[in-house]
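Each chain, letter by letter, is given below.
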Amino acid sequence: MIQTGPIVIGWREWLALPALGIAAIKAKVDTGARTSSLHVDALVADERDGVTWLHFSVAAGGRGHAARVQCAAPAAARRTVTDSGGHQTLRWFIRTPVVLGGASLDAEINLTDRRDMLFPMLLGRSALGDHFAVDPVSSYRCGRGGGRRELR
């Protein structure tokens, strides 16, 4: 069957960040948030050949029990983000592929402390584009893995 129209996803989904070595991570899909956020620990920035690289760890499998994945990515930007409570923080951003529902897309994600949140990742509307439609009463419609196709 050929997929036509947007891929329908739930309000929470498993997705993958393959360039970071993360095969599966739980994410809250939040159309009210413009940007996507990823919980990271021990974030360190260093300069290499004129490029800022970010080194951090991610607990990919779930809350507290998951093995940490050591990640590195070039910084895409550093900008102020206003959270849902109106608080502003300066955050680092990376660009990385996200695999969801068998589709792969390039997303900008800010790195922050989400340890008090239920989900280590928040997938915002700028990453969703017109490729996905959110069914707010569904959860984990896409399963934990699946095939992969490029979205443009």
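Attention in this report is confined to the structure presented alongside it.

What counts and what doesn't
Residues numbered from 1 in each chain as written. Predicted model: local features only at pLDDT ≥ 70, side-chain atom pairs only at ≥ 80, totals over all residues. Heavy atoms only, no water. Pairing = 2+ DSSP bridges. Helix = DSSP H or I, 4+ residues; strand = E, 2+ residues; numbered from the N terminus. Axes fitted to C-alpha atoms, helices over the stretch in contact; angles between N-to-C directions. Buried < 20%, exposed > 50% of the residue type's maximum accessible area, 1.4 Å probe, protein only.

Some thoughts on the sheet that holds strand 5 (residues 41–48)
Phase 1 of the analysis: In space, the 3 strands of this open sheet follow the order 5-6-7, with antiparallel pairing throughout. Each end of this open sheet is capped by a strand with a single partner; those strands are strand 5 and strand 7 (68–74). Ignoring strand direction, the axes of neighbouring strands in this sheet form an average angle of 20°.
Phase 2 of the analysis: Across 6 bridges, strand 5 lies against strand 6 (residues 51–59) in antiparallel orientation. Its bridge partner lying in strand 6, Asp-46 is registered against Trp-53.

Some words on unusual backbone geometry
Phase 1 of the analysis: Phi at Ala-42 is positive, roughly 50°, even though this residue is not glycine.
Phase 2 of the analysis: If you trace the backbone, Ala-42 turns up in strand 5.
Phase 3 of the analysis: By relative accessible area, which is 63% here, Ala-42 ends up exposed.
Phase 4 of the analysis: If you check the backbone angles, Asp-49 has positive phi at about 55° while not being a glycine.
Phase 5 of the analysis: Locating Asp-49 in the fold gives a position in the loop between strand 5 and strand 6.

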